[in-house]
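In case you want the letters, here they are:
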Amino acid sequence: MRFDSYDPETQGFYDELFIDKNQPRPEGQPLVDRIHSLPPGELMLRQAAASAAMYKLGATFNVYGDEDAEDRIFPFDVIPRIVAVSEWEYLERGLKQRIHALNLFLDDIYHDQKIVADGHIPLELIESATGFLKPCVGLNPPGKVWCHITGTDLVRDKAGQWFVLEDNMRCPSGISYVLENRRVMKNTFPQVFAKMQIQPVDEYPSRLLEALLHLVPSQVEHPTVVVLTPGIYNSAYFEHSFLAQQMGIELVEGQDLTVVDGYLQMRTTKGLQRVDVIYRRIDDDFIDPKVFRADSMLGVPGLMEVYKAGRVAIANAPGTGIADDKVIYAYVPKMIQYYLGEEPILPNVPTYLCWEAKQLAYVLENLDKLVVKSANEAGGYGMLIGPHATEAEREAFAIKIQENPRNYIAQPTLCLSRVPTILGDQIEGCHVDLRPYILYGKEIYVHPGGLTRVALKKGSLVVNSSQGGGSKDTWVLY
Amino acid sequence: MLSRVANSIYWLNRYIERAENVARFLDVNLNLLLDMPSGIEQQWKPLVATTGDRAFFTKHYGDATPENVVKFLVFDRAYPNSILSCLQTARENARSVREIISSEMWERVNAFHMMVAEAKREDLSLSALNALLTAVKESSHLFAGVMEATMSHNEAWNFGQVGRYLERADKTSRILDVKYFILLPSTEDVGSSVDELGWIALLRSASAYEMYRKSSVQHRITPAAVASFLILDAEFPRSIRFCLFEMERSLHQISGTPIGTWRNAAERTVGKVRSELEFVTISEIVSDGMHEFLDRVQQQLNEIDHDIFKTFFSREPVAAPVAAAAAVKGLSQSQRQ
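The residue numbers shown here count from 1 along each chain, following its written sequence. A letter from A marks each chain and a number from 1 marks each ligand, given out in the order of writing. Note on the predicted model: pLDDT of at least 70 is required for a residue's local features to be given, and 80 or more for side-chain atom pairs to be given and counted; whole-chain, interface and lining totals, by contrast, use all residues.

K.L.:
Can you lay out the overall build of chain B for me, pointing to particular residues and giving the numbers?
P.N.:
Broken down by element type, chain B carries 16 helices and zero strands. Three classes are used. A residue is buried when 20 or more other C-beta atoms lie within 10 Å of its own, exposed when 12 or fewer do, and partly exposed in between, with C-beta atoms placed from the backbone. Counting all 337 residues of chain B, 45% fall into the buried class. For chain B, the share of sequence-separated contacts (at least 6 apart) that also reach a separation of at least 24 residues comes to 68%. Only DSSP runs of H or I with at least four residues qualify as helices, and only runs of E with at least two residues qualify as strands; both kinds are numbered from the N terminus onward. By definition, residues are in contact whenever their C-beta atoms, placed on the basis of the backbone, come within 7 Å of each other.

Structure representation (C-alpha cells):
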C-alpha cells in the first residue's frame, strides 16, 4: 500500500502529512519513505498486528447493554500524525498562557470576582452557569491552582490555523490511549523511530504523580495519593486503573473512603488509613452527597468539609466546571488580556453568544451555516449541525434557543484538518482533532503528544469513539 | 491494602475455582453414564441437588434431562453459579483489581470467559461438551499457575489463596457427599463392579485417581479409603485437610501471627477445623455418618467465610454508620453461594 494514488485534496482541506499530491511535508518524509519500502500488503499486516496488540494490552472500553459482547478496543490507525517542532512550540506557549489565565480566573471567580466588577464578564453569566458551585466560594486550593489536569481540544481549519475548541477542565480522559498507542507504534515502525527525532511520552505518569504530590502539605511525611473512580462500569475505567497502576497508587471507589475524626480515610484490611490527595475521576456534582447531588452513590459524604479544612487536596479542585461552560469559554481571550495583559496566542473558534440580542438575531438567521451547542453538554448532545439538519430540525432548535438564549452558543462549521488513514484497503484523508494534556503542579507542563482522534468514515467530522471514531499516535518532533 | 480489593481477589479466586468444580461435577457424571449398564436410571437429579439450588432448577427447567442440566450448570446466565456466570463474576472482580493483579492474570480471566461465552453460541454435541469441560479445568489450572508465577506472593495473593482453597474444600466435600449418596443407596450394591467403577469415577472427578493408587496402602478401592483420601490426606492438593492447611498458612501470612495461635476469628475457626481433620479417623467419620460429617464441614467453611468477611472486608469505622452500611452492602453482593 502506497501513497501514490493518495490525493490530499489540498484545495479543500489542510493535510497534516502532505503539502500536495506525492509531496510529503519535510518532517513526514522518513515515514512516507519507510511505508513505501514495505513489501505489498505489509502495512495492512502491521495494522492488524497493532490492533491485536492493542486488545492484548487491554486498552478497551465498555459497551453497555450487550452481555455477550467483549470489550471493544478504541480503533487505532497506524499512520501517525506528525507535529513539527515549530508548531509544537507555538502550541505549548499558547496552552501555558491559556491554562495560566484560566486558573487565575477560577481563583478570582470564587473570591473577589474582580473580572466581573471591572465589567469584562456579566455577573448573571457567572451565576447562571451550572458549573459555578456556590459551596466552593472562598476556598483556597493549595497554591491557588484549581485545575491541575487539563485536556484541551484543538482543531485546525482549512488554512492550518489552530483553534481551541474546548478546555475540558473537569476530568479529561484519553491519556492512557496516548501511552498505549506509542507502545504499539514502537513495535510497528521501529526503524522510523530510529530515524526521526520523536519526543517520548512515557514520562506522563511520573509527571502526574509529581503534580499530585505537589499538593501535599509539607508536614505530611508519607503521603497517600489515590485515584478515585466511579467503578468498573464507567467507560473510562480502564484508564483509571491504568493510571493508578502506572503511578503505583491505590485505585479507590467512593465506598472505600470515609470521613473519620475530620480526616479522609480509606478502609483497608488493617484498619483505616489517611488519604492526603485525591485524583478524582468523578464529576464535581458527585463528589459529596452532603453538599452536591444528594443521590450520589459515587462520592464520599463529608469530603467537602475535610477539603475546606485543608486536610485533603483534590485534583482537579471542585468548581473548575464553570470554565467548561461554553459561554464562559467565549471569554477566555478576554481573561488572558485581563489577567496577564497579553494577547491570546491560541485563538478560540469564533463564537456567537445567543444571550446577546444582536448575536442571537445573526444566529437565527444563519442556522443553516452554523453549529449550535448547548452551554453545558458534551459528547455531541444538545447540538445542532446546521448544514446537515433539516428545515424542521432547525425550526425546532430555533424555538429552544429563543426559550433559553443563555444556554446556547453558535460557531461556524469548521473544516477540520486531515491525516492519511487506512480505510479498508485504501489510504484516505480523514478528519482529526488533537487533545494535548497539560499538568499544573509546581509549574505548567505540556505533555509532548496528545490524543489524535480521527473520524474513521470518509467525510465524517465526528471523532467520538462511540460514533466510529478512532485514534492515532501523535509524534511531536524535537 | 483496601478491603474492597482484598474482597475482590478472594472472590476472583473462589469463582474461578467454582467454575472448575462445576465442570468436574458434570464431567464425572458424563463418564459415569457411559460406564453404566443400560437400564440403570440416569443420575442427573443428584447433580442438581449438589448445587443446593433445586428450587431454581425446577422452576425454570422442570425435568432433570441431560440437556437441561447442562444448560443450567454451564450456560445459564440467570443462574449465578453456572460456569458462565461464575466466570463473568470472576471477570468483574478481576477488572476491579486490574491494577493489583498481573496483566497476565487479567488476560487469562478474559480469555477464559470468552471461551465459554463463545461455546454458548454453538449447539454442543456430547463430545464437544466433554472437550469444553476439560478446557474449563485446564483454564482454571492455567489461571492458578499464572497467578503463582506472575504475581508477588503478597497480602493480595494470600487472600486469593484463601478464596481458592476455601472454595475447593467446599466443593470436594460436596462431590463426596453426593457420590456417597448415589453410590451407596443401599448396602446390597457394595462390592458390585458398578460400584467400583463409580468410585473410580469419583476419584477421577477430583483428579485423584492416580494419586490415590500411589498412596493407598491396600491398593484396593473401598468407599472408606476413597473418602479418607479425599477428606484426610495430608498431601493431595484437593483433599479437605490439605485445603484447610493452605488456608491457615495464608491467613497467618496476612496477619503475621504464628500458626498455632490466633488473633482473629478467621484464624481461630480455620485452626479448629484443620486440627480436627488432623486427628479424626475415617472410621469415626463413617460411624457418625458421612453425610452429617460433610454437612458440618460445609457449615464450618461458611463460618470461616463469614469470619474472613467480618475481619478483613467489612471494617466498619466508628463514625459515619450510614456510609459504612452502604459499603458493606456493596461488598456482600458477591457473597452468593
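K.L.:
Tell me about the overall build of chain A, and name the residues and values.
P.N.:
Looking only at helices and strands, one finds 14 helices and 25 strands in chain A. When we talk radius of gyration, it's over C-alpha atoms, and the globule rule is simply 2.2 Å times the number of residues to the 0.38. Computed over C-alpha atoms, the radius of gyration of chain A comes to 23 Å, within 12% of the 23 Å expected from 2.2 N^0.38 for 478 residues, which places it in the range of a compact globule. For chain A, the spread of C-alpha atoms along the principal axes amounts to about 70 × 60 × 50 Å. Buried residues in chain A amount to 46% of all 478 residues. Restricting to contacts in chain A with at least 6 residues of sequence separation, those with at least 24 account for 67%.

K.L.:
Describe the sheet that holds strand S18 (residues 383–385) of chain A, naming the residues involved and giving the relevant values.
P.N.:
Residue and element names in this part refer to chain A. Strand pairing is defined by DSSP finding a minimum of two bridges between the two strands. Strand order in the open sheet formed by four strands is S16-S19-S17-S18, with antiparallel pairing between adjacent strands. Each having just a single partner strand, strand S16 (352–353) and S18 make up the two edges of the open sheet. The pairing of strand S17 (residues 370–374) with strand S19 (residues 408–412) spans five bridges and is antiparallel. Within S19, the residue paired with Ser374 across the bridge is Tyr408. All axes here are fitted lines through C-alpha atoms, helices being fitted over the stretch that makes contact, and every angle between N-to-C directions spans 0 to 180 degrees. Against the sheet, helix H14 (residues 391–403) touches S17, S18 and S19, its axis set at about 140° to S18.

K.L.:
Before we move on, can you summarise the nonpolar core with the specific residues and values?
P.N.:
Here a nonpolar core is just a set of buried residues of the types Ala, Val, Leu, Ile, Met, Phe, Trp, Tyr and Cys, joined wherever their C-beta atoms sit within 7 Å. Membership of the largest hydrophobic core comes to 224 residues, with the highest contact counts inside it found for Leu102 of chain A together with Ala6 and Ile83 of chain B. A total of 15 residues in this core trace back to one element, the largest contributor, which is helix H1 (residues 3–35) of chain B. Look past the residues within four positions of Ile83 of chain B in its chain and what remains in contact with it is Ala19, Val22, Ala23, Leu73, Val74, Val116 and Val136 of chain B.

K.L.:
I'd love a proper account of the sheet that holds strand S11 (residues 257–260) of chain A, names of residues and values included.
P.N.:
Residue and element names in this part refer to chain A. Strand order across the open sheet formed by three strands is S11-S12-S13, with antiparallel pairing between neighbours. Edge positions in the sheet fall to S11 and strand S13 (271–274), since each of these pairs with one other strand and no more. Along the sheet, successive strands turn relative to each other by an average axial angle of 45°, direction set aside. Here S11 pairs with strand S12 (residues 263–268) via four bridges, running antiparallel. Within the sheet, the bridge partner assigned to Val260 lies in S12 and is Tyr263.

K.L.:
Residue-level account of H14 of chain A, with values.
P.N.:
Compared with an ideal rise of 1.5 Å per residue, which puts 13 residues at 18 Å, H14 of chain A spans 19 Å between its outermost C-alpha atoms and is within 8% of the ideal. Burial analysis of H14 of chain A places just one of its 13 residues in the buried class, which makes it a mostly uncovered element. To estimate the expected span of a helix, count its residues, drop one, and scale the result by 1.5 Å.

K.L.:
Help me get a handle on the pairing of strand S24 (residues 451–455) of chain A, residues and values and all.
P.N.:
Residue and element names in this part refer to chain A. The buried fraction of S24 amounts to five of the five residues, a majority that puts the element mostly inside the structure. A two-sided burial pattern is seen for S24, the buried positions comprising Leu451, Arg453 and Ala455 on one face and Thr452 and Val454 on the other. As paired elements, strand S21 (residues 426–435) and S24 share four bridges and run antiparallel to each other. Looking at S24, one finds that Arg435 is bridged to Leu451. Sheet topology note: the S24/strand S25 (residues 469–476) ladder contains four bridges and is antiparallel. Each bridged residue has a counterpart across the sheet, and for Val454 the counterpart in S25 is Gly470.

K.L.:
Now, about unusual backbone geometry: what can you tell me, with residues and values included?
P.N.:
Residue and element names in this part refer to chain A. Across the junction of Ala315 and Asn316, the peptide omega takes the value -10°, indicating a cis bond. The residue Asn316 is located in the loop between strand S15 (313–315) and helix H11 (326–329) in this model. At Asn22, a position not held by glycine, the phi torsion is positive, near 60°. With respect to the helices, strands and loops of the structure, Asn22 is situated in the loop between strand S1 (18–20) and strand S2 (23–24). Backbone geometry at Lys144 places phi at a positive 60°, although glycine is not the residue there.

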